[in-house]
Amino acid sequence: MTPRLRPGYTFRMTTTTSGTPTPPAESPGIVSSLNETRLFPPSAAFTTAANVSDPGVYERAAADPQAFWAEWAGKLDWISPWRTVCEWTPPHAKWFVGGKLNISANCLDRHITSARRNKAAIIFEGEPGDSRVLTYQDLWREVNQFAGALKGLGIRKGDRVTIYLPMIPEAAIAMLACARIGAIHTVVFGGFSGDSLRERINDSGSRLLITADGGWRRGNVVPLKQAADEALANNSCPTIENVVVVNRAGDPRHVPMTEDRDHWWHRLLEHAPRLTAPEVMDAEDPLYILYTSGSTGKPKGILHTSGGYLTQALATTQWTFDLKDEDVYWCTADVGWVTGHSYVVYGPLAAGATVLMYEGAPDWPQRDRFWQIIEKYGVSVFYTAPTAIRAFMKWGTEHLEKHDLSSLRLLGSVGEPINPEAWMWYHRHVGGENCPIVDTWWQTETGSHMITPLPGIVATKPGSATRPFPGIAADVVDEAGESVPPGGGGFLVLRKPWPGMLRTIWQDDDRYQKTYWSKFGDKNLYFAGDGARRDENGYFWLLGRVDDVMLVAGHNISTMEVESALVDHPSVAEAAVIGRTHEIKGQAVAAFVTVKEGIRQTSELAGELKDHVAKKLGVICRPDDILFSAELPKTRSGKIMRRLLRDIAEGRALGDTTTLADPSVVAGLKEKYESSEG
Ligand code: 6R9
């Protein structure tokens with residue numbers, strides 16, 4: 001989709017630091033919701049104990065980013081040292097050139113020679129309430145054995161292996177076992193269909209599929225093996241030679257197994273060797289491919305390599321989350337997403353942390369499940385997504401109040417811009433006004449955090465991801481690729497290569513160059529696809545995908561800002577805003593709104609919400625339509641899909657709905673919208 005942006009694209013928004021909103025002279029009536037004057041510095045106690053507390057790190061890293069990253073790489077175990085820190089032949093980068101290491105050895109072997117060997121590496125909580133703890137020694141042993149089993153099935157360095165599992169320890173074991181023998185894993189989220197699985201298997205040319213009979217979700221079994229069988233039926237994945245099946249959900253005797261192709265995980269382990277030596281890997285050998293859907297076209301196989309990826313995953317885990325040996329760290333992301341790769345598996349295990357892993361839904365058996373888990377295990381660092389936070393807001397605070405959350409000391413957010421009111425709610429009700437919040441902007445493509453506060457140094461503002469991580473050169477530019485002055489908005493770009501960056505799109509380097517590096521001609525800027533604005537303090541405010549920006553009567557308006565103005569109203573839990581074609585204005589603002597539990601959806605409320613937006617942002621942003629909806633269409637990773645809402649509002653046939661978590665939501669909305677117009 002072509003972004004509908006005017007030349008000289010800027011967001012006509014303004015902020016003041018004095019606390020009084022002032023409309024920008026050239027755009028009467030628009031006052032930004034970004035007029036955020038609340039500032040939350042870390043407590044002195046937090047700063048004193050923080051892993052990093054010297055603000056000088058920013059300048060030092062900016063002065064010599066390669067030296068900064070080399071220092072972090074030095075914290076890994078290398079089999080042989082690198083010759084060159086970074087080779088940059090735009091748009092291709094190599095990091096730690098010539099260095100040799102093994103990722104699984106860095107996540108496991110180096111911890112089992114110290115007292116850490118008896119420390120919990122993974123604490124697993126199954127949805128039905130079962131639990132399992134694997135120490136570093138346990139995890140090391142299981143990875144060794146499964147790596148041996150993989151070799152026994154003929155898997156060698158460079159082969160691709162597709163992993164299609166629920167959130168169970170075997171997912172991490174399988175990833176680490178691939179890394180141990182140099183196989184390239186490609187994890188497919190367990191909520192994807194057989195069709196999506198087939199497409200990814202065939203694009204990657206995987207020789208092996210690892211799945212489970214099923215996983216638990218809201219009290220039901222998600223039948224993964226059945227979906228896998230559908231994907232493989234009629235020889236439609238010709239490269240797959242073997243399938244390994246974890247017995248998670250039921251009686252193995254009831255699972256149809258294809259002879260000579262399907263093998264039970266536990267049976268393979270019985271015959272596998274006890275030890276498998278880590279393969280010597282080049283820093284630039286591939287570690288994994290992860291498919292990301294994007295708004296159009298077939299999924300892109302994002303390729304990550306070894307040395308640089310792990311360096312940045314480790315650095316960001318230790319500094320962004322301030323992880324300590326005694327923390328219990330819980331990232332709620334599924335391993336099917338990049339967040340699960342970098343911040344459930346690789347970053348925290350490289351750091352020797354204790355990682356909590358939960359299999360199921362946040363509202364099963366009750367809406368307090370997350371809080372119950374935090375209390376049960378004394379979770380101290382908690383990392384989740386705005387979509388989850390807005391669901392908790394909608395459900396009400398009584399579910400949290402039943403539990404002791406005092407073990408928490410730091411909170412994180414990722415996946416979408418976090419609306420300032422959702423941020424405040426998180427701060428107040430989850431953090432007890434006592435935990436720094438790290439809002440982390442990054443992408444599958446970037447591999448690790450790129451813009452995020454360092455919690456011991458940076459005072460946070462609700463809704464801002466604050467500053468680029470040290471060593472990261474982020475900027476906001478106009479159509480021509482020129483930096484926009486403070487206060488202005490534009491395109492978010494990265495000016496310098498970074499260790500965890502994607503190296504290419506699997507088997508489509510042309511698409512890699514076109515998608516990420518061609519927008520600003522030969523300026524060699526990485527274009528992230530997001531709009532952003534930088535305030536007078538240099539803080540970044542992410543404004544959503546540029547494809548979603550609205551153009552109303554000549555003004556670029558960020559969907560994110562109108563959504564945040566709606567969420568600011570006490571009756572609203574969540575909102576999705578789009579621009580629909582309008583004869584006079586070009587586009588008119590249309591809003592889909594989910595109200596909080598117990599609030600009535602009346603036309604008076606709709607009127608009140610329109611006025612609320614007009615008051616907060618200016619009349620130009622006043623929605624023409626408000627449609628109440630119990631649910632909003634979201635991707636399976638929880639991001640609002642505005643493209644489909646535009647189709648609905650403009651009466652078009654719905655575009656591709658295959659990445660939706662629940663296609664019935666959008667069909668229902670379409671019907672409702674059409675009848676509300678008539
Ligand atoms: C990690 C992840 C990437 C896109 C990204 C942006 C949005 C992620 C965000 C955020 C604002 C944040 N995004 N984190 N927007 N603030 N803290 O989500 O990767 O699934 O590839 O999505 O998500 O639009 O471009 P991925």
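First things first, this report covers the structure right here in the doc. Just so we're clear, the structure is a prediction, and the values are computed from it rather than from any experiment. The numbers attached to residues start from 1 for each chain and follow its sequence in the written order. A pLDDT threshold of at least 70 governs which residues receive local features in this predicted model, and a stricter bar of 80 or more applies before side-chain atom pairs are shown or counted, although totals over entire chains, interfaces and linings include all residues. Heavy atoms throughout the structure, all of them, feed into the side-chain values; hydrogens and water do not.

**With respect to the packing of aromatic side chains**
- Between the rings of Phe, Tyr and Trp (Trp by its six-membered ring), a pair exists once the centres lie within 6.5 Å; its type follows the angle of the planes, with under 30 degrees stacked, over 60 edge-to-face, and the other angles tilted. All told, the structure shown has 42 aromatic pairs when counted by the stated rule.
- Both rings, one in phenylalanine 68 and one in tryptophan 319, keep their centres 5.9 Å apart while their planes meet at 50°; by these two values the pair is tilted. On the criterion of sequence distance, the pair formed by phenylalanine 68 in helix H3 (residues 65-73) and tryptophan 319 in helix H10 (residues 307-320) is long-range, its members being 251 residues apart.
- Burial status follows relative accessibility: with a 1.4 Å probe on protein chains alone, a residue under 20% of its type maximum counts as buried, one over 50% as exposed, and anything between as partly exposed. You can call phenylalanine 68 buried: its relative accessible area is 10%.
- Look at phenylalanine 321 and tyrosine 383: their rings are 4.6 Å apart centre to centre, the planes differ by 65°, and that puts the pair in the edge-to-face class. In this pair, phenylalanine 321 sits in the loop between H10 and strand E16 (328-331) while tyrosine 383 sits in strand E18 (residues 381-384), placing the two residues 62 residues apart along the sequence. By the criteria applied, helices consist of DSSP H or I runs no shorter than four residues and strands consist of E runs no shorter than two, each listed in order from the N terminus.

**Comments concerning the pairing of strand E29 (residues 586-595)**
- Extensive coverage of E29 is indicated by the burial of nine of its ten residues.
- Bridge count between strand E28 (residues 572-582) and E29: ten bridges; the pairing is antiparallel. Its bridge partner being in E29, glycine 579 is matched across the sheet by valine 589.
- Sheet topology places E29 next to strand E30 (residues 625-628); four bridges connect them, and they run parallel. Its bridge partner being in E30, phenylalanine 592 is matched across the sheet by leucine 627.
- Remark: the E29/helix H18 (residues 603-617)/E30 crossover connection has right-handed handedness. For two strands to pair, DSSP has to find at least two bridges joining them. We call a crossover right-handed when, viewed with the strands running away from us, the connection from the first strand over the helix to the second turns clockwise.

**Overview of H18**
- Expected helix span is computed as 1.5 Å times (number of residues minus one). Under the 1.5 Å per step criterion, the end-to-end length of H18 is 21 Å for 15 residues, consistent within 8% with the ideal 21 Å.
- Those residues of H18 that are buried lie in contact with helix H17 (559-567), E28, E29 and E30.
- Where H18 terminates, the next one or two residues include glycine 618, which has phi positive at roughly 110°. Note on definitions: a residue-residue contact is assigned when non-hydrogen atoms from the two residues lie within 4.5 Å.

**Points about the sheet that holds E29**
- Read from one edge of the open sheet, three strands run E28-E29-E30, paired in mixed fashion. Looking along the sheet, the strands with just one partner apiece sit at the ends: E28 and E30. Strand after strand, the sheet turns through a mean of 25° between neighbouring axes, direction not considered.
- Lying on the sheet, H17 is in contact with E28, E29 and E30; it crosses E28 at an angle near 140°.
- Note on geometry: axes are C-alpha line fits, over the in-contact stretch for helices, and angles between N-to-C directions span 0 to 180 degrees. Across the face of the sheet, H18 comes into contact with E28, E29 and E30 while running at roughly 130° to E30.

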